[in-house]
Amino acid sequence: MGFLRGFSIAMGANIVVFVLSFINNKLIYLFLDEADNGVFFLVMRSSLFLALFMGDWLRLSSMNIAGNDKHIIPVLSANGFWYSVTLGLVLLFSLSLIPPVFEGNVLGFPSRYLPVIFITGIALIARNNWQSLLLVNHRMFFYGLTFVLWVSLFLILDIIFLVIFRFGLNFVVAALVITSVVSALWAFITSIITNGHTFRPSFNVFRMSGKIGVRAWIAVLGMFLMTNIHVFSIKPLTGSSEEGWIMVAMFSVSFRVFALFQRGADVAGTVLYSHIVQRDDSTGYRMTMLVTRNIILVSVGFAVFCALIGKTLILIISSSRYMAAYNPLLLMLPGIIAVNAGSVINNYYWGHTYPLKIICAPFIAALLGLGLNIALVPEIGVSGATLSFSLMSVVWFMYQVAWFVKDSDFKLTEVLVPRLSDVKHVISRINKNVFRG
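Procedures and definitions
Residues numbered from 1 in each chain as written. Predicted model: local features only at pLDDT ≥ 70, side-chain atom pairs only at ≥ 80, totals over all residues. Heavy atoms only, no water. Helix = DSSP H or I, 4+ residues; strand = E, 2+ residues; numbered from the N terminus. Buried < 20%, exposed > 50% of the residue type's maximum accessible area, 1.4 Å probe, protein only. Contact = heavy atoms within 4.5 Å. Areas by Shrake-Rupley, 256 points an atom, 1.4 Å probe, with all protein chains shown as cover. Expected span 1.5 Å × (residues − 1). Bend = angle between axes of the 7 residues up to and from the residue. Axes fitted to C-alpha atoms, helices over the stretch in contact; angles between N-to-C directions. Parallel < 35°, antiparallel > 145°, perpendicular 65-115°, else oblique. Left-handed = near helix turned anticlockwise from the far one by under 90°. Nonpolar A, V, L, I, M, F, W, Y, C, P; charged D, E, K, R; others polar. Core = buried A, V, L, I, M, F, W, Y, C linked by side-chain atoms within 4.5 Å. Salt bridge = Lys/Arg side-chain N within 4 Å of Asp/Glu carboxyl O. Phe/Tyr/Trp six-rings, centres within 6.5 Å; stacked < 30°, edge-to-face > 60°. Lys NZ or Arg CZ within 6 Å of the ring centre and 35° of its normal. pLDDT = per-residue confidence, 0-100. Polar contact = N/O pair within 3.5 Å; in protein donor to acceptor, adjacent residues only side chain to side chain.

Of the regular secondary structure elements, the protein chain holds 16 helices and two strands. Per-residue burial for the protein chain yields a buried fraction of 52% across its 437 residues. Within the protein chain, contacts between residues separated by at least 24 positions form 82% of all contacts whose residues are at least 6 apart in sequence. Surface accessibility of the protein chain: about 20000 Å² in total, with carbon and sulfur atoms responsible for 70%.

What follows is the structure, given as structure tokens:
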């Protein structure tokens with residue numbers, strides 16, 4: 001399947017997921033009180049962090065290995081299966097080792113939700129690994145449908161539990177567990193059908209995954225820290241508890257816009273990654289160059305649109321109480337463009353076994369962001385955090401571009417400046433691949 005066809009399917013699924021997630025989040029905020037919303041948010045984020053921290057190395061290394069030898073996919077599927085089962089048993093057994101002093105609360109939330117975090121996280125690790133195997137074989141329909149199934153079932157269960165029966169937090173948490181497990185089973189079944197599966201693992205292949213996976217883990221952790229350093233550093237820099245939480249809430253509005261922008265770049269980068277691991281260098285460089293400058297074009301267009309309707313957008317995302325977030329949002333837009341475009345180049349290098357010159361850069365950028373926050377947040381508040389985000393992101397992006405230009409021998413303008421011919425080519429390919437089948 002061609003890149004644009006795959007991108008169109010993945011983007012379509014992403015749009016559906018975004019809309020359904022927005023509706024589901026609205027229901028949760030409407031039907032749960034503030035305390036329960038806080039517990040659920042922490043449980044959800046903890047589950048996602050567990051999946052990222054302990055599973056993304058497996059997902060990314062599986063794509064890298066399978067991209068070079070698709071015959072090995074059934075073994076990668078087996079390794080992912082047994083890794084998930086073993087990790088799940090270890091984490092669940094660890095619950096019995098929690099000291100009695102922590103039986104009521106662990107890390108700020110009730111310890112009774114730890115099994116939920118573990119089961120959900122393990123299910124997401126397994127699902128993501130099987131999805132990576134679908135992606136590397138360009139089974140984009142099944143790949144996208146797995147996400148749609150997850151969020152659709154979550155929404156249906158929340159409508160039943162919250163809207164119809166008016167149940168509470170425990171049932172929303174149950175819905176999270178059910179949907180995560182079902183989506184993992186769906187990814188497993190579709191991977192078996194399309195890619196094959198064996199229950200006989202291979203330690204040699206697992207060791208190969210580990211060698212690649214260490215760099216993948218470092219890369220993912222670095223990107224997470226770079227894009228989240230401002231979320232975690234605003235509160236300690238503000239002094240007053242109430243003022244600090246208000247600043248975090250105001251920053252969260254801009255951060256949600258950033259997350260919305262990043263969806264398109266993430267889809268493009270992920271689909272690009274699955275192609276890069278199977279292409280020669282010259283083809284990969286050209287594909288990355290074209291995607292990067294077109295992501296810049298689209299991101300600039302969305303940024304201008306966002307600046308024009310920013311206050312309306314804030315009303316849709318939050319409420320009129322957050323109108324003070326408009327100016328900080330404007331300051332964050334250049335950084336959003338930089339992260340979107342830089343993520344595409346990032347995925348090119350991730351497809352080439354994660355060179356240290358690339359995977360170390362986000363850690364340095366995170367330190368730069370922290371330093372800028374220390375200097376700016378006490379002086380100009382939330383605007384300081386979003387300005388810091390933009391400065392940090394632009395520096396990181398230009399570092400990525402400098403290495404890419406050096407390695408590829410493309411001119412700087414070829415990477416950064418969109419062309420009218422690109423727009424015409426994209427439109428023609430979409431017409432051919434999507435509308436004409």
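Next comes the rest of the write-up.
Now for helix H7 (residues 203–238). With 36 residues, H7 should reach 52 Å at 1.5 Å per residue; the first-to-last C-alpha distance of 50 Å fits that figure. Residue Asn228 marks the point of greatest curvature in H7, where the axis turns by about 55 degrees.

Take the packing of helix H13 (residues 361–380) against helix H14 (residues 382–408) next. Between H13 and H14, the least distance of the axes is 8 Å, while the angle of their chain directions is 155 degrees. In terms of their interaxial angle, H13 and H14 are classed as roughly antiparallel. Handedness of the H13/H14 crossing: right-handed. The residues of H14 that touch H13, namely those facing Ala361, Pro362, Ala365, Ala366, Leu368, Gly369, Leu372, Asn373, Leu376, Val377 and Ile380, are Val382, Ser383, Gly384, Ala385, Leu387, Ser388, Leu391, Met392, Val395, Trp396, Tyr399 and Gln400. Of the residues contributing to the contact of H13 with H14, the split by class is 17 nonpolar, six polar and no charged.

What follows covers the nonpolar core. By size, the foremost hydrophobic cluster in this structure holds 70 residues, and its most contacted members are Val257, Ile336, Trp350, Tyr354, Phe397 and Phe404. Considering every element that reaches this core, the biggest residue donor is helix H11 (residues 326–350), with 13 residues. For Phe397, the contacting residues outside a window of four places in its chain are Ile296, Ala338, Ala341, Gly342, Ile345 and Leu416. Residues Tyr113, Trp150, Phe154 and Phe161 belong to the second largest nonpolar core, which totals 37 residues.

With that settled, the discussion passes to the pattern of salt bridges. Any two side chains of opposite charge can pair, given that their charged atoms come close. The tally for this structure, following the rule as stated, stands at two salt bridges. A salt bridge links Arg59 to Asp56, with the shortest nitrogen-to-oxygen separation between them at 3.1 Å. With Arg59 and Asp56 both in helix H2 (residues 34–68), this residue pair falls three residues apart, about one helical turn. We classify Asp56 as buried; its relative accessible area is 10%.

Here we take up the environment of Ala51. Tracing the backbone shows Ala51 in helix H2. For Ala51, a relative accessible area of 5% gives the class buried. With 76 residues separating them in the primary sequence, Ala51 and Arg127 have C-alpha atoms 9.9 Å apart. Aside from chain neighbours lying at most four places away, what touches Ala51 is Asp56, Gly121, Leu124 and Ile125.

So, about the packing of aromatic side chains. Applying the stated rule across the entire model yields 21 aromatic pairs. Between the aromatic rings of Tyr348 and Tyr349, the centroid separation amounts to 5.2 Å while the plane-to-plane angle is 80 degrees, which identifies the pairing as edge-to-face. Comparing Tyr348 with Tyr349, the two get one shared label, buried. Here the aromatic residues Phe81, Trp82, Trp130, Phe188 and Phe199 are joined through ring pairs into a cluster of three or more. A cation sits over an aromatic face here: Arg127 above Trp150, 5.6 Å from the ring centre.

Per-residue confidence for the protein chain gives a mean pLDDT of 80, with 81% of residues at or over 70. Contacts from residues 272–278, a stretch scored under 50 in pLDDT, to residues over four places away or in other chains number 36 contacts.

With that settled, consider H14. With 27 residues, H14 should cover 39 Å at 1.5 Å per step; its first-to-last C-alpha distance of 39 Å lies within 8% of that length. One or two positions beyond H14, positive phi appears at Asp409, with a value near 70 degrees.

As a further point, take the side chain of Ser393. Summarising the element assignment, Ser393 is placed in helix H14. Residue classification places Ser393 among the buried positions, given a relative accessible area of 0%. Polar contacts involving the side chain of Ser393 include one to the main-chain carbonyl oxygen of Phe389, which spans 2.7 Å. Excluding its chain neighbours within four sequence positions, the residues that come into contact with Ser393 are Gly335, Ala338 and Val339.

Before going further, it helps to examine the packing of H7 against H11. Where H7 meets H11, the axes come as close as 12 Å, and the angle between the chain directions of the two elements is 170 degrees. On the basis of the axis angle, H7 is roughly antiparallel to H11. Facing Ala219, Val220, Met223, Met226 and Thr227 of H7, the residues of H11 in contact are Val339, Ser343, Asn346 and Trp350. Across the contact of H7 with H11, the residue classes break down as six nonpolar, three polar and no charged.

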